Amino acid sequence: MTKFKRTLVTTALPYANGPVHIGHLAGVYVPADIYVRYLRLKGEDVLLIGGSDEHGVPITLKARKEGITPQDVVDKYHAIIKDSFEKFGISFDIYSRTSNKVHYDTASQFFRTLYEKGEFIEKESEQYYDEEAKQFLADRYITGTCPHCHKEGAYGDQCESCGTSLNATDLINPKSTISGSVPRMRKTKHWYLPLDKHEPYLRQWILEGHKEWKSNVYGQCKSWIDQGLQPRAVSRDLDWGVPVPVDGADGKVLYVWFDAPIGYISATRELTDDWEKYWKDPETRLLHFIGKDNIVFHCIVFPSMLKAEGSYNLPDNVPANEFLNLEGDKISTSRNWAVWLHEYLEEFSGQQDVLRYVLTANAPETKDNDFTWKDFQARNNNELVAIFGNFVNRSMVLTDKYYGGKVPSPAEFNDFDRETLGSIEGIVKRTEEALENFKFREAVKEAMNLARLGNKYLADTEPWKLIKTDEARVATIMYVSLQITANLAILTEPFLPFTADKLRNMLNMGGADWSLCGKTEILKPGHIIAEASLLFQKIEDTTIQLQLDKLAASKKANEAEAKTAAPARENVSYDEFTKMDIRTGTILEAEKVAKTKKLLKLKIDTGIDQRTVVSGIAEYFQPEEIIGRQVSILVNLAPRNIKGIDSQGMILMAEDADGRLVFVSPSEKVKNGSEVK
RNA sequence: GCCGAGGUAGCUCAGCUGGUUAGAGCGCAUGAUUCAUAAUCAUGAGGUCGGCGGUUCAAGCCCGCCUCUCGGUACCA
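Definitions and limits used
- Residues numbered from 1 in each chain as written.
- Chains lettered and ligands numbered in written order.
- Predicted model: local features only at pLDDT ≥ 70, side-chain atom pairs only at ≥ 80, totals over all residues.
- Heavy atoms only, no water.
- Near = heavy atom within 4 Å.
- Polar contact = N/O pair within 3.5 Å; in protein donor to acceptor, adjacent residues only side chain to side chain.
- Helix = DSSP H or I, 4+ residues; strand = E, 2+ residues; numbered from the N terminus.
- Nonpolar A, V, L, I, M, F, W, Y, C, P; charged D, E, K, R; others polar.
- Core = buried A, V, L, I, M, F, W, Y, C linked by side-chain atoms within 4.5 Å.
- Buried < 20%, exposed > 50% of the residue type's maximum accessible area, 1.4 Å probe, protein only.
- Domains from an automatic or database assignment.
- Contact = heavy atoms within 4.5 Å.
- Phe/Tyr/Trp six-rings, centres within 6.5 Å; stacked < 30°, edge-to-face > 60°.
- Salt bridge = Lys/Arg side-chain N within 4 Å of Asp/Glu carboxyl O.
- Pairing = 2+ DSSP bridges.
- Axes fitted to C-alpha atoms, helices over the stretch in contact; angles between N-to-C directions.
- Parallel < 35°, antiparallel > 145°, perpendicular 65-115°, else oblique.
- Expected span 1.5 Å × (residues − 1).
- Left-handed = near helix turned anticlockwise from the far one by under 90°.
- Patch = residues over 30% accessible without salt bridge, like charges linked within 9 Å, V, L, I, M, F, W, Y side chains within 5 Å.
- Areas by Shrake-Rupley, 256 points an atom, 1.4 Å probe, with all protein chains shown as cover.

Asker: It is not clear to me how the protein's contact with RNA strand B should be interpreted in this structure. Could you clarify?
Answerer: In the vicinity of RNA strand B lie 56 residues, with K330, N369, L637, R640 and G649 positioned nearest. If you look at RNA strand B and keep only atoms within 4 Å of the protein, 74% of those are sugar or phosphate atoms. Interatomic distance of 2.6 Å between a side-chain N/O atom of R441 and a sugar or linking oxygen of RNA strand B. Within the backbone of V614, an N or O atom sits 3.1 Å from a sugar or linking oxygen of RNA strand B. Counting residues per element, the surface near RNA strand B draws most heavily on helix α12 (residues 373-403), which supplies eleven residues. Per-class residue counts for the surface near RNA strand B are 17 nonpolar, 19 polar and 20 charged.

Asker: Help me out: how do you make sense of the nonpolar core in this one?
Answerer: One broad trend across soluble globular proteins is that nonpolar side chains are buried collectively. Within the largest apolar cluster, 163 residues are counted, with the highest numbers of intra-cluster contacts made by F258, F371 and F376. Per-domain counts for this core show at least three residues from each of domain 1 (6-118 + 199-223 + 252-324) and domain 3 (372-516). F371 has contacts with I22, L324, N325, L326, E327, V339, L355, V358, L359, N362 and F376, leaving out every residue within four places of it along the chain. Residues F621, I626, V635 and L661 belong to the second largest nonpolar core, which totals 16 residues.

Asker: Before we go on, may I ask you to explain the packing of aromatic side chains in this structure?
Answerer: The description of an aromatic ring pair rests on the distance of the ring centres and on the angle between the ring planes. What the rule picks out here adds up to 41 aromatic pairs. Ring centres of Y29 and F85 lie 4.3 Å apart, and the angle between their planes is 40 degrees; on these two criteria the pair is classed as tilted. Here F85 lies in helix α3 (residues 70-87) and Y29 lies in helix α1 (residues 22-41), a separation of 56 residues in the sequence. Both residues of the pair, Y29 and F85, count as buried. Residues Y35 and F289 carry aromatic rings whose centres are separated by 6.0 Å and whose planes lie at 45 degrees to one another, so their mutual orientation is tilted. In this pair, Y35 sits in helix α1 while F289 sits in strand β13 (residues 284-289), placing the two residues 254 residues apart along the sequence.

Asker: When you look at the pattern of salt bridges in this model, what are you seeing that I'm missing?
Answerer: Oppositely charged side chains can pair when the atoms bearing their charge come close. Tallying each qualifying case throughout the model produces 40 salt bridges. Across the pair R97 and D75 runs a salt bridge whose closest N-O atoms are separated by 2.7 Å. Linking R97 in strand β3 (residues 94-97) with D75 in helix α3, this pair joins segments that are 22 residues apart in sequence. Relative accessible area serves as the criterion here: at 32%, D75 is assigned to the partly exposed category. For D237, the salt bridge identified is with K252, shortest N-O distance 2.8 Å. Here D237, found in strand β11 (residues 235-237), pairs with K252, found in strand β12 (residues 252-254); they are 15 residues apart in sequence, far enough to count as distant. Among the residues examined, K252 registers a relative accessible area of 8% and is labelled buried. Ionic contacts of the salt-bridge type, sharing partners, join the residues D33, R37, R356, E493, D501 and R504 into one network.

Asker: I would appreciate a short explanation of the sheet that holds β13 in the present structure.
Answerer: In a beta sheet, neighbouring strands are held together by backbone hydrogen bonds and run either parallel or antiparallel to one another. Spatially, four strands are ordered β3-β2-β1-β13 in an open sheet, and the strand pairing comes out parallel. Two strands lie at the open edges of the sheet, namely β3 and β13, each paired on one side alone. Strand-to-strand twist of the sheet, defined as the mean angle between neighbouring strand axes without regard to direction, takes the value 20 degrees. As judged from the five bridges shared by strand β1 (residues 6-11) and strand β2 (residues 45-52), these two strands associate in the parallel manner. In the strand pairing of β2, T7 is matched with V46.

Asker: Even after reading the chapter, I still don't get the packing of helix α11 (residues 352-361) against α12, so can you show me in this structure?
Answerer: The packing of two helices is summarised by the inter-axis angle and the distance between the axes. α12 packs onto α11 with a crossing angle of 105 degrees between their chain directions and a minimal axis gap of 10 Å. For the element pair α11 / α12, the angle class is roughly perpendicular. Contact with α11, carried on its side by V354, L355, Y357, V358 and A361, involves D375, F376, R379, N380, E383 and L384 of α12 and no other residues of that element. Among the residues making up the contact of α11 with α12, the classes are represented as seven nonpolar, one polar and three charged.

Asker: Explanation requested: helix α4 (residues 101-116) in the structure shown.
Answerer: Residues separated by three or four positions in an α-helix point in the same direction, a consequence of the helix having 3.6 residues per turn. Between the first and last C-alpha of α4 there are 22 Å, a value that for 16 residues agrees with the 22 Å anticipated at 1.5 Å per step. When α4 is considered as a whole, its buried residues turn out to be H103, T106, A107, S108, F110, F111 and L114. Along its buried surface, α4 packs onto β3, β9 (184-193), β12, α7 (256-271) and α9 (295-309). Where α4 terminates, the next one or two residues include G118, which has phi positive at roughly 70 degrees.

Asker: Would you explain unusual backbone geometry in this entry?
Answerer: Excluding glycine, residues mostly carry a negative phi; peptide bonds, for their part, are mostly trans. Its identity is not glycine, yet N336 carries a phi of approximately 55 degrees, on the positive side. Position of N336 relative to the elements: it lies in the loop between β15 (329-330) and α10 (341-347). Accessibility expressed as a relative area gives 40% for N336, which makes it partly exposed. Its identity is not glycine, yet F438 carries a phi of approximately 60 degrees, on the positive side. Mapped onto the elements of the fold, F438 is located in the loop between α13 (415-436) and α14 (440-461).

Asker: Just checking my understanding: could you explain the pairing of strand β17 (residues 582-592) for this structure?
Answerer: On a regular strand, each side chain points to the face opposite its neighbour's, so the side chains alternate between the two faces of the sheet. Summarising the sheet, β17 and strand β20 (residues 630-634) pair through five bridges and their orientation is antiparallel. Directly across from R583, in β20, lies its bridge partner I633. In terms of strand pairing, β17 meets strand β26 (residues 675-676) through two bridges, oriented antiparallel. Across the sheet, residue I582 finds its bridge partner in β26, namely V676. Note that β17 and strand β18 (residues 600-605) share six bridges and pair antiparallel. Residue pairing for β18: E591 is matched across the bridge by K601.

Asker: When you look at the packing of α1 against α13 in this model, what are you seeing that I'm missing?
Answerer: The N-to-C vectors of α1 and α13 enclose an angle of 125 degrees; their axes lie 10 Å apart at closest approach. With respect to α13, the axis of α1 lies oblique. Remark: the crossing between α1 and α13 carries left-handed chirality. Residue-level inspection shows I34, Y35 and Y38 of α1 in contact with α13, the latter providing E432, L435 and E436. Grouping the constituent residues of the contact of α1 with α13 by class yields four nonpolar, no polar and two charged.

Asker: Help me understand a nonpolar patch on the surface, please; the structure alone is not making it clear to me.
Answerer: On the surface, a nonpolar cluster with roughly 430 Å² of combined accessible area is contributed by V572, Y574, F577 and M580. If you trace the backbone, F577 turns up in helix α19 (residues 574-578). Relative accessible area serves as the criterion here: at 32%, F577 is assigned to the partly exposed category.

Asker: How should the sheet that holds strand β14 (residues 324-326) be read in this particular structure?
Answerer: Taking strand neighbours across the sheet as the criterion, the three strands line up as β15-β14-β16 in an open arrangement whose pairing is mixed. Looking at strand neighbours, the two that pair on one side only are β15 and β16 (369-371), the edges of this open sheet. When β14 meets β15, the two strands line up antiparallel, connected through two bridges. When the sheet's bridge partners are listed, L326 is paired in β15 with D329.

In structure tokens:
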């Protein structure tokens, strides 16, 4: 750390098509905020940069669906997100957005520099074009029948029914969602960033130069680099985003992944004229706080961009976290399985620090973690209330009772006093060390140990007994207790800023100064402290139950939705139907296709012949259990080679709401080759 | 299948380059205590460190095989 004079911390830009939830907070913003607050308290030069990511196709889709403009969508969510962060005390130096003019300028300029340096490859490819709307169609703008499960309404990039990721060109009967017309293939030109060109550098820089990165980050990078990097398109045919700033690029914008990380730079520019010092001076340390889904962008792609540009620093570390689950299930925006920050702020008004604490103590630092309301309650009641809040309250109430709220003059310290005061420094040191290594879970636990120390000190010295016999001794005890309390008011500031602030007010001690941390005469004898009020409140079972009920309702709504059958497809004529030759057949042999997860190779007696069919059912059936089974098979489907095997036909399956596959078979045994009609 | 990250006490997690009886917090039990939001403090119970095999004087840590979870990737006619 000594080689750096200042630090620039960026936080992943939340996508402005919805509000933010506890997963965002736990993985990125709370750890970044803790880190930055700590550095600031130490008087270091540090900036915390954030902003909303406001481009990309999902936002345009959402706008279309709601009949408003993309700008309306991002305005709405940017405001909600920004407000949530502010209220949770995420101390951004700036929280900006990528629809700003500064960002357009910065991103264009960045693109132009790379363009002029010849850092891009130009490639032409064929893509769907909507002739009515006169625009190219992003994958998401195309719907059609899924080539896998044959459900209608699959998107060009993914079928939501079977979950398969698709190429738009694979869709059967593609349709533009913009005009409803049938799109045509048309040539289009795009620019690509040749990541492969940067591979040797990345290999050296990360795999040799940054072995200290977290194992999840390092391993992920190694995996990507070893798999071989491909050129990545940096532009798209779309009208929402930063226009590609070269001639002949009408209707093209920067692809969102290229545009978004430049948002970090734009935001810094917007904040200060001195921005280059933070981005280009090698004595500045660049840190990206992100979730694990962003590792490849921040460790491979963005550094390649910065390297290609030539004048920027590359990140010194990328402390990425894993994911937070909620009550055992993946957090999901679309399924409304989340604790939304704007809702928490209303339902737990004034209790931001409780959530900050729980998310820090249980942060997904090394693996995915689970957030449960029961744990939330327990940590509040047993740790914040019982250990921290209680100790502070005890020392202050006793001081008030015995000394009218005035810090007493200590008599001589005995060994136990000295030992207690002496161990403060160690706690501070261990907290600092954990913080500097991005081990926030450990850091907050260590900070809480200071309150534990206080409770033990009081229990062992028992001033409430001594007050009757040895007043001088009590003065010393209260003095020591108050010094611990004062230390807590500084030490907990990065984690629990609202509480620490309240505590410092109670102690009349002004702003936090980290250099006092570990000192044992922060509050001088005679100093007047204010009246004690409780730092934390107990959370009752009923409050927790309310939250659990809310989640249960969400789950129920999801289930109801899953039960609704998809609407019927477009009518077909009888002739069209009879083109499909479906027969009954019997499975003679079955074996797993090597090196695949889902595929079984089946030999079917169709009554006409014996043929081989590859079927994606291995996740639901063991080969031996289906031999002899009668099935329905589409026998005149054009053959296709899958994993080196010619598959001649398709077994018909019914898919249950949970994705489980079930054979569609005759209810009684019939002759093989019987027609299904 | 391949790549990556994990699998350590009921729960959440530490365990440095392999080295004495494997640790912490919460929960649980018992005792102490009453200044404090029935909070606190002490003590204790509880683990074949995912499984099997190997290297070593010595393995949670190294090697091989297997298994489960999460992520990436291939595959689903």
